[in-house]
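Geometric and topological summary
Here's the letter readout for the chains.
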Amino acid sequence: MKKDLTKSILDSLTALTKNGVISGDISFPPIHFEIPKDTKFGDLATNIAFLLAPTFKMPPRKLAETIIQNVSAWPEDIEKVEIAGSGFINLFFKPRFWHTTLKQIQDNPKEFCSPRLSKGEKINIEFVSANPTGPLHVGHGRCAVVGDVLARLLEKVGYQVTREYYLNDAGRQMEILGRSVLLRYYQKLGKNTDIPFLENGYQGEYIQDIAASIIEDKGDLYLSSPEEEVIPLFSKIAAEKILSQIKQDLALTRVRFDRWFSENSLYETKVVEKAITRLKAEGWIYENEGALWMKTTAVGDEKDRVVIRSSGEPTYYASDIAYHQNKFERGYARIIDIWGADHHGYVDRIKAVAKAFSIPEDTISILLVQLVRLLHGKTQINMSTRKATFTPLAEVIKEVGTDAARFFFLLRRYDTHLDFDLDLAKKQSSENPVYYTQYAHARICSIFRELEKQSLCLPPPDPSLLKIPQEIQIIQKLSLYPQIISEAAQSLEPHRITFYLIEVATLFHKYYNHYRVISDDLDLSAARLYLVSAVRTVIADGLQLLGISTPEKM
RNA sequence: GCGCCUGUAGCUCAGUUGGAUAGAGCAACGGACUUCUAAUCCGUAGGUCGCCCGUUCAAAUCGGGCCAGGCGUACCA
């Protein structure tokens, strides 16, 4: 439709230039249409008269009139054209247009719901990647859900997506983890009980549990072994146990991963070493004060960053350089990293890696998901993995349910701070908009159950019987679905889908409360069932995309 | 100090990429179940879009400057 309209208006504009209203070579800006928020302004509107007013040296309103007068033919489905305000051109469609649209949705719902943006290019999306040193907290949950829905969304529009979890199973924190377990192990067996716990150790109860389980398996076997031997073993045991807990938490959240990438493997296969050698040769890494530094200032970082400490130990950044090089070399058209916003200082470092390996800047997107502040009513809960003062994600999900938790995370833009009030979340079990949306779906299912019960013999649906403004409005809203999907995928903003679905549900609930779908008028009933079934198609598709269930009864 | 994010109704948030009279939900108040599910609907009330300049026919949206909050600013991960 927009294409035809563009043609009509463009024809008029070229006619105007030929008639000598203006002279010279004119290149017209692209004609942009938008859907007015008020239906009295029509189905589509364009601001072209404003944009061209200076070129034509005419007031916008006058120009709009001139343009309309010179249109030789509007598309068939245009009912009327109006000029409003100081120069908007408002276009009104014939109802027929919307009836055909509805038919298109129903004829091929699958194709309608999944617009193609890609022919199968590969995308890597890395998210959560929480260290295996403790259970996931609510902040991780937000990243998990946002990442998961982005992955689903990109898959839907045609990309081939790899969901990846980068596992930090190397380095100093693993040592601290092992040492924390060891201390609890000693304590439980009555050794060194007078020594205070590690300043920077992990203090959570789960550490005690791990120590206890080791005692259960092996008793005091390690009591007299040297620490250098026991600590690596304990970190390994602890990391494995915690990782399996993390996997459970993710499963509970309905988040799945395709690949678990071990940081440690980068050292074992010498990939880190090779990457550093290469960057050194290319002048990206230099030596100073006994340490190796990466020139991150080249991409605007405020200072260069250490890659290898003067002690010879690599920093976290070293393996991350290798990790990203590895991702670049795996041939993805696009790489998306989703991080908690507290890592934002790290963005320049990764950009430097991309630049050093000559990766175009727009290949890699780093999404910073803003922090979640956990509240109990008005009191804030501090979150620290080390001190274990956080509330585990699993606990929250068990309280409010997976559907509600996911919906809640998707109900705000990921780059805004999120206050998660546990008290409210519990209350929201009946107020949460997720139920509102699901309820619309359930109600429609119920209509069809009723239909079966009455065993009516309906004629084939005739969409042209849908004449009430609310019915047209619903079709208009439904017709936007593919566009919403595309925009959400392009801008990487899953929340748009959530808001859209609530809007669809709202229109449906209002309609349902005012009009009966099944009535004595069988022709009308058939047409309305046709409409309502399209609503169900879109809501179900959208909820599935968000990883939320579509109950048939509530 | 510097950098990133945020500031919209009492609360929690949207705002079609610069459009027309700024919208929802919750909370408050008043109404609607003999009906395909009332987890719903209808109505009332609620605003200096943090503040000030600027760009524009047009600014919540873009630019600059302030103010406030959060986060970051390690040879930690």
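No experiment lies behind these values; they were computed from the predicted model shown. (Residues numbered from 1 in each chain as written. Chains lettered and ligands numbered in written order. Predicted model: local features only at pLDDT ≥ 70, side-chain atom pairs only at ≥ 80, totals over all residues. Heavy atoms only, no water.)

Spatially, five strands are ordered 7-6-5-11-12 in an open sheet, and the strand pairing comes out parallel. The open sheet has two edge strands with one neighbour each: strand 7 (259-262) and strand 12 (364-369). Ignoring which end each strand starts from, the neighbouring axes of this sheet average 25° apart. Note: strand 6 (residues 160-167) against strand 7, four bridges, orientation parallel. Bridging from a neighbouring strand, tyrosine 165 pairs with tryptophan 260 of strand 7. Contacting strand 5 (122-126), strand 6, strand 7, strand 11 (334-340) and strand 12, helix 12 (residues 316-329) runs over the sheet at an angle of about 165° to strand 6. Seen against the sheet, helix 13 (residues 347-356) touches strand 11 and strand 12 and runs at an angle of roughly 170° to strand 12. (Pairing = 2+ DSSP bridges. Helix = DSSP H or I, 4+ residues; strand = E, 2+ residues; numbered from the N terminus. Axes fitted to C-alpha atoms, helices over the stretch in contact; angles between N-to-C directions. Contact = heavy atoms within 4.5 Å.)

All right, on to the environment of glutamate 399 then. Position of glutamate 399 relative to the elements: it lies in helix 14 (residues 393-400). The spacing of glutamate 399 and leucine 422 is 23 residues in sequence and 8.9 Å in space, taken between C-alpha atoms.

This part takes up unusual backbone geometry. With glycine set apart, most residues show a phi of negative sign, and most peptide bonds adopt trans. Not every positive phi belongs to a glycine, and valine 128 is a case in point at roughly 65°. The residue valine 128 is located in the loop between strand 5 and helix 6 (138-156) in this model. Here valine 128 falls in the buried class, since its relative accessible area comes to 11%. Even without glycine at this site, arginine 254 takes up a positive phi of about 65°. Following the sequence through the fold, arginine 254 ends up in the loop between helix 9 (227-252) and strand 7. (Buried < 20%, exposed > 50% of the residue type's maximum accessible area, 1.4 Å probe, protein only.)

Right, let's talk about the pattern of salt bridges for a bit. Counted according to the given criterion, the structure contains 32 salt bridges. Arginine 330 is paired through a salt bridge with glutamate 164; the nearest N and O atoms lie 2.8 Å apart. In this pair, arginine 330 sits in the loop between helix 12 and strand 11 while glutamate 164 sits in strand 6, placing the two residues 166 residues apart along the sequence. Grouping residues by exposure puts arginine 330 and glutamate 164 together as buried. Residue lysine 327 is joined to aspartate 337 by a salt bridge in which the shortest nitrogen-to-oxygen separation is 3.0 Å. Here lysine 327 is found in helix 12, whereas its partner aspartate 337 is found in strand 11, with 10 residues between them in sequence. Of the two residues, lysine 327 and aspartate 337, both sit in the buried class. When salt bridges with common partners are traced through the structure, they connect Asp148, Arg152, Glu155, Arg163, Arg256, Asp258 and Arg406 into a single cluster. (Salt bridge = Lys/Arg side-chain N within 4 Å of Asp/Glu carboxyl O.)

With that settled, the discussion passes to the side chain of serine 486. Here serine 486 shows up in helix 19 (residues 481-491). Judged by relative accessible area, serine 486 falls into the buried class, the value being 13%. Engagement of the side chain of serine 486 in a polar contact is seen with the backbone oxygen of proline 482, the distance being 2.9 Å. Ignoring any residue separated from it by four or fewer positions in sequence, one finds serine 486 in contact with Pro115 and Leu117. (Polar contact = N/O pair within 3.5 Å; in protein donor to acceptor, adjacent residues only side chain to side chain.)

Fine structural detail should not be taken from predicted coordinates in areas where pLDDT scores are low. Averaged over every residue, the pLDDT of chain A is 90; residues scoring 70 or more account for 95%. Taken over the whole predicted complex, pTM reads 0.94, whereas the ipTM for its chain interfaces reads 0.95. (pLDDT = per-residue confidence, 0-100.)

Around RNA strand B there are 66 residues in total, and Lys40, Arg309, Arg412, Tyr439 and Ser446 lie nearest to it. Put simply, 59% of the atoms of RNA strand B that lie within 4 Å of the protein are in sugar or phosphate. Note that a phosphate oxygen of RNA strand B is positioned 3.1 Å from one of the side-chain N or O atoms of lysine 303. Isoleucine 518 places a polar main-chain atom, nitrogen or oxygen, 3.3 Å from a base oxygen of RNA strand B. Among the secondary structure elements, those contributing two or more residues to the surface near RNA strand B are strand 4 (88-93), helix 7 (172-188), strand 9 (291-294), strand 10 (305-308), helix 17 (433-454) and helix 20 (495-514). Sorting elements by how many residues they give to the surface near RNA strand B places helix 17 first, with nine residues. (Near = heavy atom within 4 Å.)

Together, Asp462, Asp520, Asp521 and Asp523 line one region of the surface with negative charge. Assignment of secondary structure puts aspartate 462 in the loop between helix 17 and helix 18 (469-479). (Patch = residues over 30% accessible without salt bridge, like charges linked within 9 Å, V, L, I, M, F, W, Y side chains within 5 Å. Areas by Shrake-Rupley, 256 points an atom, 1.4 Å probe, with all protein chains shown as cover. Lys, Arg positive; Asp, Glu negative; His and termini not counted. Charge placed at Lys NZ, Arg CZ, Asp CG, Glu CD.)

The tally for this structure, following the rule as stated, stands at 21 aromatic pairs. When the centroid spacing of 4.7 Å and the interplanar angle of 70° are considered together, the rings of phenylalanine 93 and phenylalanine 97 count as edge-to-face. Judged by its relative accessible area of 7%, phenylalanine 93 falls in the buried class. On the basis of relative accessibility, which here comes to 17%, the residue phenylalanine 97 falls in the buried class. Through a chain of ring-to-ring contacts, three or more aromatic side chains come together here, namely Phe127, Tyr165, Phe257 and Trp260. Stacked on the ring of tyrosine 332, the Lys or Arg lysine 122 has its end atom at 5.2 Å from the ring centre. One Lys or Arg, lysine 247, reaches over the ring of tryptophan 260 and ends 4.5 Å from the middle of that ring. (Phe/Tyr/Trp six-rings, centres within 6.5 Å; stacked < 30°, edge-to-face > 60°. Lys NZ or Arg CZ within 6 Å of the ring centre and 35° of its normal.)

Turning our eyes to something else, we now look at the sheet that holds strand 10. The three strands lie next to each other as 8-9-10, forming an open sheet whose pairing is antiparallel. Both outer strands of the open sheet, strand 8 (285-288) and strand 10, are each paired with one neighbouring strand and no more. For this sheet, the mean angle separating the axes of adjacent strands, direction not counted, is 45°. In terms of strand pairing, strand 9 meets strand 10 through three bridges, oriented antiparallel. The residue bridging methionine 294 from the neighbouring strand is arginine 305, located in strand 10.

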